Amino acid sequence: MNFKDLTNKTLITDSDIDWEDLGAGVKRKIMAYDENLMLVKVEFEKDAIGSIHNHPHLQMSYVAKGSFEVSMGDEKKVLNEGDVFFASSNVFHGVVCKEAGLLIDIFNPHREDFLK
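Reading the values: rules and limits
- The residue numbering used here restarts from 1 in each chain and proceeds along that chain's sequence as written.
- Predicted model: local features are reported for residues with pLDDT of at least 70 only, side-chain atom pairs are reported and counted for 80 or more only, and whole-chain, interface and lining totals are derived from all residues.
- Side-chain figures throughout are based on the complete set of non-hydrogen atoms in the structure, without hydrogens or water.
- Stacked, edge-to-face and tilted are the three classes for Phe, Tyr and Trp ring pairs, Trp counted by its six-membered ring, which pair at centre distances within 6.5 Å; planes under 30 degrees apart are stacked, over 60 edge-to-face, the rest tilted.
- Working definition: helices are DSSP H or I runs of at least four residues, strands are E runs of at least two. Numbering for both runs from the N terminus.
- Relative accessibility under 20% of the residue-type maximum defines a buried residue, over 50% an exposed one, and the middle range a partly exposed one, all with a 1.4 Å probe and only protein chains included.
- When the NZ atom of lysine or the CZ atom of arginine is within 6 Å of a ring's centre and also within 35 degrees of its normal, the charge is said to sit over that ring.
- Points on a 1 Å grid, built from protein atoms alone, make a cavity when a 1.4 Å probe fits but cannot get out and make a pocket when they are open with protein on both sides within 12 Å along at least 5 of 7 lines; residues with an atom within 4 Å of a point are the lining residues.
- Grid points are joined across faces, edges and corners, and a volume is the space filled by probe spheres set on the points.
- Residues were grouped as follows: Ala, Val, Leu, Ile, Met, Phe, Trp, Tyr, Cys and Pro as nonpolar; Asp, Glu, Lys and Arg as charged; and all remaining residues, including Gly, as polar.
- Any two strands with at least two DSSP-identified bridges between them are counted as paired.
- The term salt bridge refers to a pairing of a side-chain nitrogen on Lys or Arg with a carboxyl oxygen on Asp or Glu at a separation within 4 Å.
- Here a patch means residues that are over 30% exposed by relative accessible area and free of salt bridges, tied together within 9 Å if like-charged and within 5 Å if nonpolar (Val, Leu, Ile, Met, Phe, Trp, Tyr).
- Accessible surface is estimated by sampling points in the Shrake-Rupley manner with a 1.4 Å probe; for residues, cover comes only from the protein chains shown.

Before going further, it helps to spend a moment on the packing of aromatic side chains. Per the stated rule, a full pass over the model turns up 2 aromatic pairs. Plain terms: the ring middles of Phe44 and Phe68 are 5.2 Å apart, the flat faces sit at 80° to each other, and that makes the pair edge-to-face. Of this pair, Phe44 sits in strand 3 (residues 38-44) while Phe68 sits in strand 5 (residues 58-72); the two residues are 24 residues apart in sequence, bridging distant segments of the chain. The residues Phe44 and Phe68 share a single accessibility class, namely buried. Centroid distance Phe107 to Phe114: 5.6 Å. Interplanar angle 85°. Geometry classified as edge-to-face. Residue Phe107 is classed as buried on the basis of its relative accessible area of 2%. Sitting over the face of the ring of Phe114, Arg28 holds its NZ or CZ atom 3.9 Å from the ring centroid.

Shown next as structure tokens:
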């Protein structure tokens with residue numbers, strides 16, 4: 001299933017969505033979205049990096065598996081399975097994967113740049 005077809009889906013099966021390889025040990029699946037909300041799975045190999053960046057979207061990320069050193073503004077902290085981080089609009093943030101893992105990212109509004 002192409003993630004662009006998800007706007008009218010309410011019951012979504014993980015196996016119907018292909019991983020998008022972002023390179024450097026990172027891949028993602030856009031699981032669901034509408035104009036206000038988006039849920040994305042992001043899988044990291046050990047030592048893979050989610051580069052420091054910012055965006056106008058609100059973001060919450062749940063560590064579903066693994067361990068990540070998370071940078072949020074001037075702070076750094078290692079978060080493990082079950083932990084969460086919250087990135088306010090335009091706050092610089094990024095991760096370094098310490099143990100192969102999976103993040104569940106939620107954005108408000110949806111990330112139009114992910115759909116191109």
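Moving on, there is more to tell.
Volume-wise, the largest pocket comes out at about 380 Å³. Taken together, the elements giving at least two residues each to the lining of the largest pocket come down to strand 1 (20-23), strand 2 (26-33), strand 3, strand 4 (49-53), strand 5 and strand 8 (93-108). For the lining of the largest pocket, the residue count by class is 11 nonpolar, 9 polar and 3 charged.

Along strand 7 (residues 84-87), the buried face is formed by Phe85 and Ala87; none of Val84 and Phe86, which line the opposite face, is buried. As judged from the 4 bridges shared by strand 5 and strand 7, these two strands associate in the antiparallel manner. Bridging from a neighbouring strand, Ser61 pairs with Phe85 of strand 7.

Another aspect to go through is the pattern of salt bridges. Taken as a whole and judged by the stated rule, the model has 6 salt bridges. Measuring nitrogen to oxygen at the nearest pair gives 3.1 Å for the salt bridge that ties Glu20 to Arg28. A relative accessible area of 12% means that Arg28 is categorised as buried. Note that Glu43 and Lys27 form a salt bridge whose closest N and O atoms lie 3.3 Å from each other. One end of the pair, Glu43, is in strand 3; the other, Lys27, is in strand 2, and 16 residues separate them in sequence.

Glancing now at a nonpolar patch on the surface. Taken together, the side chains of Leu37, Leu58, Met60, Tyr62, Val84, Phe86 and Ile106 define a hydrophobic patch exposed on the protein surface, amounting to about 610 Å² of accessible area. Of all the secondary structure elements, the ones that give two or more residues to the nonpolar patch are strand 5 and strand 7. The element that contributes the greatest number of residues to the nonpolar patch is strand 5, accounting for 3 residues. Following the sequence through the fold, Tyr62 ends up in strand 5.

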